[in-house]
Amino acid sequence: MFKNVIVKTPGKSYVNGLTTSDLGKPDYDKLLEQHDAYVEALKKCGVAVTHLPASEEFPDSTFVEDTAVLTPEFAVISNPGADSRNGEIKEMEPVLKEFYDKLHYIKAPGTLDGGDVLQVEDHFYVGISERTNEEGARQFKEIMESEGYKATIVPLEKFFHLKTGIAYLGNNLIVAAGEFIGHPDFAQYDQLTVSAEDEYSANCILVNDYVIIPKGYEETKRKMNEAGYKTIELEMSEFQKQDGGLSCLSLRF
Ligand code: CIR
């Protein structure tokens, strides 16, 4: 069960953040509405929300997931791979120190974005991507193994972040899209597959009794409901414009 989440209001500078999509400029008012709905959904899942104020200095800093990886015992402060985002960790570190006595750090030349890390029970998967390099993944694996967790490095082919295409829903069930469908590293899990058209919905989050999914992906929603999960759907258009998904918007622990 998760007890806590950390979220951060997007600043006005959000519209000038990094993106590879051609979905247009985000609408700031809609963005705030969508962020508010996200926070309300998390509250419905029964977690306490630490809500950080916007940081205009870091346009992408609402995507807090990339700054850290959290376990019940310790936090790993990441070293985000995009220059414009690296300073976000300086804003997150003091917040995490309020919750954790023990912090580990990914150090240069290693880089790591939290979006490249998936936890499946006591096993962490870390993607090598445009943002997470081999050295960052190696350091992460070493930290997790030194703490008694398992860790596997997964080089990505196409996905932006590991969790862009995969999620874990408990009960040995993963949600997989694209290159993760039938991927040998995840062969021991049952798979709920997401079609190419619905790929965006592979980035979903299980928060206690609910799976939060993006709105408009009926097939994914149906499969989850049939598998026995209660779903909450959220409009994510303004986050999708900046390559962001549901997992990116919170740290859950
Ligand atoms: C970026 O390019 O870093 C942001 N515009 C999107 C980050 C999304 N984060 C995530 O998938 N964990």
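For the structure itself, consult the block above.
All values reported here derive from a predicted model rather than from experimental measurement. (Residues numbered from 1 in each chain as written. Predicted model: local features only at pLDDT ≥ 70, side-chain atom pairs only at ≥ 80, totals over all residues. Heavy atoms only, no water.)

A word on the overall build of the protein chain
Alright, step 1. When helices and strands are counted, the protein chain shows six helices and 15 strands.
Alright, step 2. For a compact globule of 253 residues, the expected C-alpha radius of gyration is about 18 Å, and the protein chain comes in at 17 Å, within 12% of that figure.
Alright, step 3. Each of the three principal axes of the protein chain carries a C-alpha extent, and together these read 45 × 40 × 35 Å.
Alright, step 4. Within the protein chain, the proportion of its 253 residues that are buried is 57%.
Alright, step 5. Expressed as a percentage of contacts within the protein chain between residues at least 6 apart in sequence, the contacts between residues at least 24 apart total 67%.
Alright, step 6. Surface summary for the protein chain: the accessible area is close to 11000 Å², and the carbon and sulfur share equals 49%.
Alright, step 7. Of the charged side chains in the protein chain, 25 are positive and 43 negative, and the gap between their average positions amounts to 3 Å. (Helix = DSSP H or I, 4+ residues; strand = E, 2+ residues; numbered from the N terminus. Rg over C-alpha atoms; globule rule 2.2 N^0.38 Å. Buried < 20%, exposed > 50% of the residue type's maximum accessible area, 1.4 Å probe, protein only. Contact = heavy atoms within 4.5 Å. Areas by Shrake-Rupley, 256 points an atom, 1.4 Å probe, with all protein chains shown as cover. Lys, Arg positive; Asp, Glu negative; His and termini not counted. Charge placed at Lys NZ, Arg CZ, Asp CG, Glu CD.)

With respect to the sheet that holds strand 2 (residues 48-52)
Alright, step 1. Here we have three strands laid out as an open sheet, ordered 2-1-15, and mixed in their pairing. Both outer strands of the open sheet, strand 2 and strand 15 (251-252), are each paired with one neighbouring strand and no more.
Alright, step 2. Pairing geometry for strand 1 (residues 4-8) and strand 2, over five bridges, is parallel. From the neighbouring strand, valine 5 faces strand 2, where its bridge partner is valine 49.
Alright, step 3. Lying over the sheet, helix 1 (residues 28-44) contacts strand 1, strand 2 and strand 15, oriented at roughly 175° with respect to strand 1.
Alright, step 4. Sheet contacts for helix 3 (residues 88-97): strand 1, strand 2 and strand 15; angle to strand 1, the most-contacted strand, approximately 155°. (Pairing = 2+ DSSP bridges. Axes fitted to C-alpha atoms, helices over the stretch in contact; angles between N-to-C directions.)

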